[in-house]
There are 2 protein chains.
Amino acid sequence: MARNSTGMKYEAILDAAVVEIARRGYYQTTVAMIAKRAGVADGTIYLYFGNKEEILFSLFDRAMDRFIARGKAELEAIGGAVEKLGHIIDLHLSLVGQDRDLAIITQVELRHSIHFMDQFSRTKVAEYLAVLAGVVAQGQQEGAFRADLDPSFAAKAVFGVMDEMATDWVLSRRNTRLENRAPEVAAFLLNGLR
Amino acid sequence: MARNSTGMKYEAILDAAVVEIARRGYYQTTVAMIAKRAGVADGTIYLYFGNKEEILFSLFDRAMDRFIARGKAELEAIGGAVEKLGHIIDLHLSLVGQDRDLAIITQVELRHSIHFMDQFSRTKVAEYLAVLAGVVAQGQQEGAFRADLDPSFAAKAVFGVMDEMATDWVLSRRNTRLENRAPEVAAFLLNGLR
DNA sequence: CTTAAGTGAATAAGGCTTCATTCATTATGG
DNA sequence: CCATAATGAATGAAGCCTTATTCACTTAAG
């Protein structure tokens, strides 16, 4: 085979880390386990990452970058707020539902430390919440959504429902597809309980 | 002082653990730190708990027992489903909002391991979700809630919104009171976005 | 005096990280 | 073209530190 292109091992290490951390949890996973699955020596990890924690950060960054890249592109093509919201729900649930190992990490492992939540995951979540709040505000201007609703509050509520569905799906081992819940979620968010 | 009544040090250790684990996270907190804050020797911990993990379990059990005890008593006195839901929201937000350190643990630390989630926290959450689903079903029979709604699904959605509000409150260091969000949450859950 | 509770120094295990060494690949020079 | 040097990615054994847990000993109650 040709010479390994730059980043080949970097990716291999991250892929291995997703699997191992999903199975055992971050603190039960040793650097040696990740190295073994990635097919590299223990020391090689430190050519690509400063320390063990940085693996987790990079994991999350890679996942979020993919998420945002796809989200932005697809969202621009849609006009109405109701349709935008529906598409975000579809996207959120189908992206989380795509890779169970990665989902375990985003729904469970990444929440293990308030320090981490502060510094990384929550700032990214904040960006996401801002997008959601924008869609709510747009819907209010269109007259599609109630005006007596704080967009920032509504954004959190919407996120909360999707996030709980995702966590529920991760923890129940049933073989349902997460994105199948999208219509139900959309209906609930639009109409409420009554 | 008189001989410590049984459970005195047990409680002291749990109280200390809440504070330390909230500050540093479970894995950064050593048994020695907990012992020091509790004012006992390291070895004393092992007279009351089998191992470090058991401290975390007991912490959670104690918190949930208090939650459920208060919830059941107060809920029985209420008739209508809409009022019941409103009271659950009040109760959930005000209990979580009562003790920030404990909230950090329930909203962040307890979610660090899928193994733990499976064995403990999620079974308790499942009981809670069952109560919520019951209220939704009752509301449907009363004609107060839409009939085309899976109560189990709706329960998760309701929980998701409250949980996200709680997490948001924990991570934002503002001095707002969490229970102030209760009316907004109730309105959103009943009416949705439009 | 007996017994249970409490102590905290010692232990042992585990794992992150380092670094001297290897080796395939590339550059240099004659 | 070949021989030699240089490079730096990769290795993996082991150092070093952290920390959960134990246990021989002390304290104090009844």
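Since we're looking at a predicted model, the values are computed, not measured.

1. Focus on the overall build of chain A
- Of the regular secondary structure elements, chain A holds nine helices and zero strands.
- Secondary structure of chain A in N-to-C order comes out as α-α-α-α-α-α-α-α-α.
- Its C-alpha atoms give chain A principal-axis dimensions of roughly 60 × 35 × 30 Å.
- Each of the 194 residues in chain A was classed as buried or not, and the buried ones make up 53%.
- A separation threshold of at least 6 residues defines the contact pool for chain A, and within that pool the share at least 24 residues apart is 67%.
- Taken as a whole, chain A presents about 8900 Å² of accessible surface, with 53% of it coming from carbon and sulfur.
- Separation of charge centres in chain A, based on 23 positive and 25 negative side chains, amounts to 5 Å.

2. Brief notes about helix α9 (residues 182–191) of chain B
- All of the buried residues in α9(B) are Ala182(B), Val185(B), Ala186(B), Phe188(B), Leu189(B) and Leu190(B).
- Packed against the buried residues of α9(B) are α8 (151–171) and α9 (182–191) of chain A together with α5 (81–96) and α8 (151–171) of chain B.
- Just beyond α9(B), the residue with positive phi is Gly192(B), at close to 75°.

3. Examining the pattern of salt bridges
- Inspection of every chain in the model, using the stated rule, returns 22 salt bridges over all chains.
- Glu74(A) is the salt-bridge partner of Arg70(A), the closest N and O atoms lying 2.9 Å from each other. Highlighted residues: Arg70(A) and Glu74(A), both in helix α4 (residues 52–76), separated by four residues, approximately one helical turn.
- On the accessibility criterion, Arg70(A) (34% relative accessible area) is partly exposed.
- With relative accessibility at 28%, the residue Glu74(A) sits in the partly exposed group.
- The partner of Glu11(B) in a salt bridge is Arg62(B), with the nearest N and O atoms 2.6 Å apart. On the criterion of sequence distance, the pair formed by Glu11(B) in helix α1 (residues 8–24) and Arg62(B) in helix α4 (residues 52–76) is long-range, its members being 51 residues apart.
- What makes Glu11(B) partly exposed here is its relative accessible area of 29%.

4. Considerations on the protein's contact with DNA strand D
- Lining the immediate surroundings of DNA strand D are 14 residues, of which Ala41(A), Thr44(A), Tyr48(A), Val31(B) and Tyr46(B) lie closest.
- Taken together, the sugar and phosphate atoms account for 74% of what DNA strand D places within 4 Å of the protein.
- Ala41(A) places a polar main-chain atom, nitrogen or oxygen, 2.8 Å from a phosphate oxygen of DNA strand D.
- Between DNA strand D and the protein, one listed contact pairs a base nitrogen with a backbone N or O atom of Gly43(A) at 3.3 Å.
- Only α3 (45–48) of chain A together with α3 (42–48) of chain B provide two or more residues apiece to the surface near DNA strand D.
- Partitioned by chemical class, the residues of the surface near DNA strand D number six nonpolar, six polar and two charged.

5. A closer look at the protein's contact with DNA strand C
- Neighbouring DNA strand C are 15 residues; Val31(A), Tyr46(A), Ala41(B), Thr44(B) and Tyr48(B) lie closest to it.
- For DNA strand C, the fraction of protein-proximal atoms (within 4 Å) that sit in sugar or phosphate groups is 70%.
- Within the side chain of Tyr46(A), one N or O atom sits 2.7 Å away from a phosphate oxygen of DNA strand C.
- Between DNA strand C and Lys52(A) there is a distance of 3.1 Å, counted from a phosphate oxygen to a backbone nitrogen or oxygen.
- Take the surface near DNA strand C: its biggest share by element is five residues, from α3(B).
- Residue composition of the surface near DNA strand C, by class: six nonpolar, six polar and three charged.

6. Points about the confidence of the model for chain A
All names here are of chain A.
- Summary statistics for chain A give a mean pLDDT of 89 and a share of 92% for residues scoring 70 or more.
- At the level of individual helices and strands, chain A shows its lowest average pLDDT in helix α7 (residues 114–142), which scores 83, and its highest in α9, which scores 98.
- Contacts for the low-pLDDT stretch residues 1–5, under 50 throughout, to residues beyond four places or in other chains number one contact.

7. Some details on the interface of chain A and chain B
- Counting from both sides, the interface comprises 45 residues of chain A and, opposite them, 43 residues of chain B.
- Summed over both partners, the interface of chain A with chain B buries about 4500 Å², with 61% contributed by carbon and sulfur atoms.
- In this structure, Lys156(B) engages Asp168(A) in a salt bridge whose closest nitrogen and oxygen atoms are separated by 3.1 Å.
- Between the two partners, chain A and chain B, sit 16 residue pairs in polar contact (both at pLDDT 80 or more).
- At the level of secondary structure, the elements contributing two or more residues to the side of chain A that touches chain B comprise α7, α8 and α9 of chain A.
- Of the residues forming the side of chain A that touches chain B, the biggest block, 14 residues, is contributed by α8(A).
- Here the residues of the side of chain A that touches chain B are counted per class, giving 25 nonpolar, seven polar and 13 charged.

8. Description of helix α1 (residues 8–24) of chain A
Residues and elements named next belong to chain A.
- An ideal rise of 1.5 Å per residue puts 24 Å on 17 residues; α1 measures up with 24 Å between its terminal C-alpha atoms.
- Taken together, the buried residues of α1 touch α2 (31–38), α3, α4 and α6 (100–107).
- Of the residues trailing α1, Gly25 is marked for its positive phi of about 90°.

9. Structural notes on empty space enclosed by the protein
All names here are of chain A.
- By the definition in use, this model includes one cavity of 30 Å³ or more.
- Of the pockets and cavities examined, the largest cavity occupies roughly 30 Å³.
- Broken down by secondary-structure element, the contributors of at least two residues to the lining of the largest cavity are α4 and α6.
- Classifying every residue of the lining of the largest cavity by side-chain character gives six nonpolar, one polar and no charged.

Procedures and definitions
Residues numbered from 1 in each chain as written. Chains lettered and ligands numbered in written order. Predicted model: local features only at pLDDT ≥ 70, side-chain atom pairs only at ≥ 80, totals over all residues. Heavy atoms only, no water. Helix = DSSP H or I, 4+ residues; strand = E, 2+ residues; numbered from the N terminus. Buried < 20%, exposed > 50% of the residue type's maximum accessible area, 1.4 Å probe, protein only. Contact = heavy atoms within 4.5 Å. Areas by Shrake-Rupley, 256 points an atom, 1.4 Å probe, with all protein chains shown as cover. Lys, Arg positive; Asp, Glu negative; His and termini not counted. Charge placed at Lys NZ, Arg CZ, Asp CG, Glu CD. Salt bridge = Lys/Arg side-chain N within 4 Å of Asp/Glu carboxyl O. Near = heavy atom within 4 Å. Polar contact = N/O pair within 3.5 Å; in protein donor to acceptor, adjacent residues only side chain to side chain. Nonpolar A, V, L, I, M, F, W, Y, C, P; charged D, E, K, R; others polar. pLDDT = per-residue confidence, 0-100. Buried area = accessible area lost by both parts, 1.4 Å probe. Expected span 1.5 Å × (residues − 1). 1 Å grid on protein atoms, 1.4 Å probe; cavity = no way out; pocket = protein on both sides within 12 Å on 5 of 7 lines; lining within 4 Å. Points joined across faces, edges and corners; volume = space filled by probe spheres on them.

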